[in-house]
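Observations on the model geometry
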Amino acid sequence: MRIDVVTIFPEYLDPLRHALLGKAIEQGKLQVGVHDLRQWANDGHKSVDDSPYGGGPGMVMKPEVWGPALDDVAAGRTATRELDSSLPHLNRPRHDEVEGIVAQPYGAPAQGVAQELEENLPLLIVPTPAGTPFTQADARAWSREEHVVFACGRYEGIDQRVIEDAAQRYRVREVSIGDYVLIGGEVAALVISEAIVRLIPGVLGNQRSHEEDSFSDGLLEGPSYTKPREWRGLSVPEVLTSGDHGRVDRWRHEQSLLRTAQRRPELLESAELSRSDREFLEKERGGA
Ligand code: SAM
């Protein structure tokens, strides 16, 4: 996968060189280019924003700067700062990495997605609080992309015509990472990149890590524990040290159901629940 980020704060994207993303860069599974938007600004002050039509506070990012920037990045016509990995990771496998694991691609993409991928246009992600919510399902779908470009807005955001026009060269998605307002799109680009890249086959050493994560089955993951068995008077739940894998799996699933019911009950409406899941939740509600 190639990720390009267009921003007025290139240094903000430095975390993309670290940890698993840095390792993916070393492994040749990921390339990252960061582009300073101001290189496309054409006045003496290198300005990228102007006052909004219709009045009101704040500034809006200019189409004459963003348009050529996105044209050049789509066409690969730009001098770019390529990120290298922050540290050599390749010879330091994590202790939970499975020896000889074979990277498995996910099942075939849904028909609409497959058609879009065939059209071969890069995916342009425009972070905005007014976008559709970014989800794990998006992360999974976008982990198959070859070329993802982020347009990081600042101030009041980017002139909307830039997003309309970009649809000629990109598949465009305006997405929000949550119901709050950040100062700029860079942090959102980091969040979305992490969520996508960890799902590229082979990036996580142990594939089970993401198969059991929150949202992969529509539920939140339950609590985790490690050694020691006793800590500050608190014990690890007995079942986890029983050695009975069937009981452990059942307990984990029940914890996942309980946590979802307590913290994100709306997720239960769309999760695929078995009859015994429903009975378990009913019983817990009755007992509460
Ligand atoms: N005026 C915009 C509005 O109310 O929708 C907010 C602009 S915000 C101050 C500046 C930039 O931060 C946005 O263009 C976007 O790139 C980014 N941003 C802020 N909140 C975000 C969120 N929840 N999700 C994704 N991007 C966000």
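Residues numbered from 1 in each chain as written. Predicted model: local features only at pLDDT ≥ 70, side-chain atom pairs only at ≥ 80, totals over all residues. Heavy atoms only, no water.

Quick look at the overall build of the chain now. Check the secondary structure of the chain and you find 10 helices and 10 strands. Every one of the 288 residues in the chain was classed for burial, and the buried ones make up 40%. Long-range contacts, defined here as pairs at least 24 residues apart, represent 78% of the contacts in the chain between residues at least 6 apart. For the chain, the computed accessible surface area is about 16,800 Å², with 51% contributed by carbon and sulfur atoms. (Helix = DSSP H or I, 4+ residues; strand = E, 2+ residues; numbered from the N terminus. Buried < 20%, exposed > 50% of the residue type's maximum accessible area, 1.4 Å probe, protein only. Contact = heavy atoms within 4.5 Å. Areas by Shrake-Rupley, 256 points an atom, 1.4 Å probe, with all protein chains shown as cover.)

The subject of this paragraph is the nonpolar core. Core analysis: the largest hydrophobic core is formed by 30 residues, its most contacted members being Leu 30, Ile 125 and Phe 150. For this core, the element with the most residues is helix H6 (residues 186–197), which contributes 6 residues. Setting aside its immediate chain neighbours within four residues, Leu 30 contacts Met 1, Ile 3, Leu 21, Ala 24, Ile 25 and Val 197. Listed in part, the 21 residues of the second largest apolar core include Trp 40, Leu 70, Val 73 and Ile 158. (Core = buried A, V, L, I, M, F, W, Y, C linked by side-chain atoms within 4.5 Å.)

In terms of burial, strand E1 (residues 2–7) is a largely internal element, 6 of the 6 residues being buried. Going residue by residue along E1, you find Arg 2, Asp 4 and Val 6 tucked away on one face and Ile 3, Val 5 and Thr 7 tucked away on the opposite face as well. Looking at chain direction, E1 and strand E2 (residues 31–36) are connected through 6 bridges and run parallel. Its bridge partner being in E2, Val 6 is matched across the sheet by His 35. For the crossover from E1 across helix H1 (residues 19–26) to E2, the handedness is right-handed. (Pairing = 2+ DSSP bridges. Right-handed = clockwise from strand over helix to strand, strands pointing away.)

Close to the ligand lie 18 residues; Pro 127, Glu 156, Gly 178, Tyr 180 and Leu 182 are nearest. Contact between the ligand and Tyr 180: a nitrogen atom at 2.8 Å from a main-chain N or O atom of the residue. Protein coverage of the free-state accessible area of the ligand, which is 580 Å², stands at 82%. Comparing atom positions with the cavity grids shows the ligand to sit within the second largest pocket. For the shell around the ligand, the elements supplying multiple residues, two or more each, are strand E6 (123–133) and strand E8 (171–176). Here the element with the most residues in the shell around the ligand is E6; it accounts for 3 residues. Of the residues belonging to the shell around the ligand, the class tally is 10 nonpolar, 7 polar and 1 charged. (Near = heavy atom within 4 Å. Polar contact = N/O pair within 3.5 Å; in protein donor to acceptor, adjacent residues only side chain to side chain. 1 Å grid on protein atoms, 1.4 Å probe; cavity = no way out; pocket = protein on both sides within 12 Å on 5 of 7 lines; lining within 4 Å. Sits in = over half its atoms within 2 Å of the grid points. Nonpolar A, V, L, I, M, F, W, Y, C, P; charged D, E, K, R; others polar.)

We now examine the layout of surface pockets. Size it by volume and the second largest pocket reaches roughly 430 Å³. Put simply, the parts of the chain that give the lining of the second largest pocket at least two residues each are E6, helix H5 (160–166) and E8. It is E6 that provides the largest number of residues to the lining of the second largest pocket, a total of 5 residues. Class assignment of the residues belonging to the lining of the second largest pocket gives a composition of 15 nonpolar, 8 polar and 3 charged. (Points joined across faces, edges and corners; volume = space filled by probe spheres on them.)

Where H1 is concerned, the buried positions are Leu 21, Gly 22, Lys 23, Ala 24 and Ile 25. Looking at the buried side of H1, the elements it contacts are E2 and H6. Looking one or two residues past H1, Gly 28 carries a phi angle of roughly 75°, positive in sign.

Turning next to the packing of helix H8 (residues 245–263) against helix H10 (residues 275–287). It is at 11 Å that the axes of H8 and H10 come closest, and there the two elements cross at 55°. The angle between H8 and H10 falls in the class oblique. The way H8 lies across H10 gives a crossing that is right-handed. Residues His 253, Glu 254, Leu 257, Leu 258 and Ala 261 of H8 pack against Asp 277, Phe 280, Leu 281 and Glu 284 of H10. (Axes fitted to C-alpha atoms, helices over the stretch in contact; angles between N-to-C directions. Parallel < 35°, antiparallel > 145°, perpendicular 65-115°, else oblique. Left-handed = near helix turned anticlockwise from the far one by under 90°.)

Moving on: the pairing of E2. Here E2 pairs with strand E5 (residues 81–82) via 2 bridges, running antiparallel. Note that in E5 the partner of Gly 33 across the bridge is Glu 82.

In this section: the packing of aromatic side chains. Per the stated rule, a full pass over the model turns up 2 aromatic pairs. On the basis of an interplanar angle of 25° and a centroid distance of 5.7 Å, the ring pair of Phe 134 and Trp 142 is categorised as stacked. Judged on exposure class, the residue Phe 134 and its partner Trp 142 are both buried. Its guanidinium or amino end placed over the ring of Tyr 12, Arg 154 lies 5.2 Å from that ring's centre, counting from NZ or CZ. (Phe/Tyr/Trp six-rings, centres within 6.5 Å; stacked < 30°, edge-to-face > 60°. Lys NZ or Arg CZ within 6 Å of the ring centre and 35° of its normal.)

Glancing now at the UniProt feature "binding site: S-adenosyl-L-methionine" (unreviewed entry) in the chain. Mapped onto this numbering, the UniProt entry gives "binding site: S-adenosyl-L-methionine" (unreviewed entry) at Gly 153, Ile 177, Gly 178, Asp 179, Tyr 180, Val 181 and Leu 182. If you take the residues mentioned a moment ago, the ones lining the second largest pocket come down to Gly 153, Ile 177, Gly 178, Tyr 180, Val 181 and Leu 182. Along the chain, Ile 177 turns up in the loop between E8 and H6. Residue classification places Ile 177 among the partly exposed positions, given a relative accessible area of 22%. Each residue touching Ile 177, except ones within four places of it in the same chain, is listed here: Leu 182, Ala 188, Val 191 and Ile 192. If you trace the backbone, Tyr 180 turns up in the loop between E8 and H6. According to the relative accessible area criterion, Tyr 180 is partly exposed, its value standing at 46%. Of the polar contacts made by the side chain of Tyr 180, one reaches the backbone oxygen of Ile 177; its length is 2.9 Å. (UniProt positions renumbered as here; feature names shortened; annotations may be inferred.)

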